[in-house]
Amino acid sequence: MSIYTDAKYMDVPYEEKLKLFKEVKDDMRYDHNLYGCYECGICVAACPSARFYDFSPRVFAQIMAREDVDTFYELLNDNVWDCSQCYSCTRCPRQNNPGGIILMMRDAAVRAGLQSAKDALRAYSRIIYKVMSTGTQVAPDMLQPDFFPDWGTDVKAVAENLDVWRRAIPPETLHTTELAWDVSEKTRLELYMIWKLTGNLELIEGIDEGIYMILEEVMEELLDDNGYDIDDFENILED
Amino acid sequence: MSNKPILVIGGGPAGLEATRGIADLGYNAILVDKSDVLGGNPISANYAALTPDMRSAEEAMAEMVDAITDNPLVDIRMNTTVVGSEGDAPNLKVTLQNESGEEVVDAGSVIVSTGFQHFDPGKETQMYGYYEHDDVITIVDAEKMLKDDNFVVPSSGKKPEQICFIQCVGSRDRQIGNQWCSKVCCGIASKQAIEIRDILPETRVFIFYIDMRMYGFWEDEIYWKAQEEKNVNYIRGIVTEITKRGDKLLVKGEDTTMGRPMEIPMDMVVLSVGMEPSEGTTQMADTFKLPLESHGFIGTTGGALNTVQTKVPGVFVAGAAAGPADLEDSISMGGAAVMKACAFLRKSELQPA
């Protein structure tokens, strides 16, 4: 039972919260991310997100230090995606790393396929698809106001005449809108296999099944065309 | 060298250290204690392990008592009180009283080490119900339970699942009239929390505080240890009342750093009671006409530069009789008082009045 009279998520079974809490505590990074918390607020004062959102890196450190499972679950659902992962919070006198705690919690939220994780990552599905299918990161044509409303009003103006803006940049290699740069097919396929074999594709499946299915279809056809048999690699790993 | 003894009143840590120091310097000491056992509060109040080094209180006090036992320069008077004093140091005539009657002794100088008493939680102005609920105890009660190796819920005899400490009970409180910080309770509560988590690893322990005052090495040796290794829950916010709900105690408060209201069921609540001047301290101030400082402890002169000189020449104070003190303070003051008392005697011999 939560210590707070205004607790949320009291309909979620405690065991479910505890399981996720233990996952985070068992993370090998945990002992390096959290010692104890004075609740002094130096991390909040340093945090850019805290200036714009109702967000506090301090709360993550203090709630985890107290092993408050109910409030951990509130944070996991309501606040864990508000961090910009800049690690300004690491100036902590106890040498805590609230941003690192948040990263571990995000991993747990993604692994559990929490709705909050799906909502937060929806805009990034296109980026994941782009990275995993082309091997390049954010492409200029992805900067659409619909997807990144928090990037401000200029995004709309830039998106309307993207091709012109890109061609205004001196190096010819950047006169692209669909790709940041060209990646060889061999590299793309090797990266895909690494992601697949290390379980990253499974994580994506839990968060956005649609993107996962498209990726798998496109990439495994490409693998076949190039004579790769992914089962061979799985067999090698199992041996 | 003067044969007049230095009278030490109170055989707690400060008085024991003072007595040892007097004898070590070759002066005579009379140690008076109203009880039948030396060691002061650590013994009479059944302290288990001392803060911060966790050494057994019994063992540490025995070491101090051994250091003055069977010393020809030390005259120990147990079950004895000081009931009167005539004249001025170094020519004091002090009346001692015990079962067999009164006796007047000469004293060249006096060291008052009559210490403190634990705040009586019946006087608190919150609603903690110490005398109402069996499972509301004090850190003093907890010490005894830890010493007896029997830390259980008083009403049921079972292991507690969830307990909390409430800090600053009887300290830092204008309502009560005790405006001082008692210095040691943050450390003692944290020390006890560590001990409880050691013997009952399944028990969840909370400490509700206003400020944690873990000065010097207590910081990482006790506070960080309790929080980082024992997962003691430190929550800034003081409980306003304790009510009974079923067989649990419900504590109500605000988590001030989260800005959220709390209601938490507890099996036991431990009140971190502070220090007040002991009855003996108040009586000795009266007997030797020692002005009190504004909080009611024995006043000193010279501020930070002289922690043991009272306003009466030749009469010194050591330990918690002069204000809240931890063991280190008390021992250091015992030594400082000896130095001043012996210097006072020596000067009076060289320049007789």
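Residues numbered from 1 in each chain as written. Chains lettered and ligands numbered in written order. Predicted model: local features only at pLDDT ≥ 70, side-chain atom pairs only at ≥ 80, totals over all residues.

A. Local environment of the overall build of chain B. When helices and strands are counted, chain B shows eight helices and 18 strands. Radius of gyration (C-alpha) of chain B: 22 Å, near the 20 Å computed for a compact globule of 353 residues. For chain B, the C-alpha atoms occupy an extent of roughly 70 × 40 × 40 Å along the three principal directions. The buried share of chain B, reckoned over its 353 residues, is 51%. Within chain B, contacts between residues at least 6 apart in sequence are counted, and of these 65% link residues at least 24 apart. (Helix = DSSP H or I, 4+ residues; strand = E, 2+ residues; numbered from the N terminus. Rg over C-alpha atoms; globule rule 2.2 N^0.38 Å. Buried ≥ 20, exposed ≤ 12 C-beta atoms within 10 Å, placed from the backbone. Contact = placed C-beta atoms within 7 Å.)

B. Focus on the overall build of chain A. Tallying secondary structure elements over chain A gives 15 helices and zero strands in all. Taken along the three principal axes of its C-alpha coordinates, chain A extends 55 × 50 × 35 Å. Looking at chain A as a whole, 28% of its 239 residues are labelled buried. Taking all contacts inside chain A whose residues are at least 6 apart in sequence as the whole, residues at least 24 apart take part in 68%.

C. A look at the sheet that holds strand E14 (residues 248-255) of chain B. Residue and element names in this part refer to chain B. Taken in spatial order, the three strands of this open sheet run E13-E14-E15, and their pairing is antiparallel. The outermost strands of the open sheet, each flanked by one partner alone, are strand E13 (241-245) and strand E15 (260-266). In this sheet, adjacent strand axes meet at a mean angle of 30 degrees when their direction is disregarded. Across seven bridges, the pairing between E14 and E15 is antiparallel. Opposite Gly253, over in E15, you have Met262 as the bridge partner. (Pairing = 2+ DSSP bridges. Axes fitted to C-alpha atoms, helices over the stretch in contact; angles between N-to-C directions.)

D. Region of the structure containing the environment of Ile331 of chain B. Mapped onto the elements of the fold, Ile331 of chain B is located in helix H8 (residues 327-350). Look past the residues within four positions of Ile331 of chain B in its chain and what remains in contact with it is Pro13, Ala14 and Glu17 of chain B.

E. Representation of the nonpolar core within the structure. All names here are of chain B. The biggest cluster of nonpolar side chains holds 110 residues, and the ones touching the most others in it are Val110, Ile111, Val112, Cys164, Ile207, Val269 and Ala337. Broken down by element, this core gets its largest block of residues, nine residues, from H8. Counting only domains with at least three residues in this core, you end up with domain 1 (6-115 + 278-350) and domain 2 (120-274). If we ignore the near neighbours within four places in the chain, the residues touching Ile207 are Cys164, Phe165, Gln167, Ala189, Ser190, Ala193, Val232, Asn233 and Tyr234. (Core = buried A, V, L, I, M, F, W, Y, C linked by C-beta atoms within 7 Å. Domains from an automatic or database assignment.)

F. Looking closely at the sheet that holds strand E6 (residues 101-107) of chain B. Residue and element names in this part refer to chain B. One open sheet holds the three strands; their spatial order is E4-E5-E6, and the pairing between them is antiparallel. Each edge of the open sheet carries a strand with a single partner, namely strand E4 (81-86) and E6. Neighbouring strand axes in the sheet, compared pairwise and without regard to direction, differ in orientation by 25 degrees on average. Of the pairings in the sheet, the one linking strand E5 (residues 92-98) to E6 comprises seven bridges and is antiparallel in character. By the bridge assignment, Asn98 is partnered in E6 with Gly101.

G. Expanded view of the interface of chain B and chain A. Residue-level contacts link 13 residues of chain B with twelve residues of chain A. The set of elements that each furnish at least two residues to the side of chain B that touches chain A consists of helix H6 (218-229), strand E12 (233-236) and E15 of chain B. Counting residues per element, the side of chain B that touches chain A draws most heavily on E15 of chain B, at five residues. Considering only residue class, the side of chain B that touches chain A consists of five nonpolar, four polar and four charged. (Nonpolar A, V, L, I, M, F, W, Y, C, P; charged D, E, K, R; others polar.)

H. Fine view of the domain arrangement of chain B. Residue and element names in this part refer to chain B. Domain assignment breaks chain B into domain 1 (6-115 + 278-350) and domain 2 (120-274). For domain 1 versus domain 2, the separation of C-alpha centres amounts to 32 Å. Taken together, the contacts link eleven residues of domain 1 with 19 residues of domain 2. Of the residues in the side of domain 1 that touches domain 2, the class split is seven nonpolar, three polar and one charged.

I. Spotlight on the packing of helix H13 (residues 200-207) of chain A against helix H14 (residues 209-225) of chain A. Residue and element names in this part refer to chain A. Their axes nearest at 6 Å, the elements H13 and H14 cross at an angle of 135 degrees. When the axis of H13 is compared with that of H14, the two are oblique. Between H13 and H14, the residues in contact are Leu201, Ile204 and Glu205 and Glu209, Ile211 and Tyr212, respectively. A per-class count over the contact of H13 with H14 returns four nonpolar, no polar and two charged. (Parallel < 35°, antiparallel > 145°, perpendicular 65-115°, else oblique.)

J. Inspection of the packing of helix H5 (residues 185-199) of chain B against H6 of chain B at higher detail. All names here are of chain B. Interhelical geometry of H5 versus H6 gives an angle of 45 degrees and a closest axis separation of 9 Å. For the element pair H5 / H6, the angle class is oblique. Note that H5 runs across H6; the crossing there is left-handed. Of the residues in H6, those in contact with Gly187, Ser190, Lys191, Ala193 and Ile194 of H5 are Trp218, Ile222, Tyr223, Lys225 and Ala226. Taken together, the residues of the contact of H5 with H6 sort by class into six nonpolar, two polar and two charged. (Left-handed = near helix turned anticlockwise from the far one by under 90°.)

K. How the structure looks around the confidence of the model for chain A. Put simply, chain A has an average pLDDT of 89, and 97% of its residues get 70 or more. Confidence scores differ between elements of chain A, with helix H15 (residues 230-238) of chain A showing the lowest mean pLDDT of 67 and helix H1 (residues 14-25) of chain A the highest of 98. (pLDDT = per-residue confidence, 0-100.)

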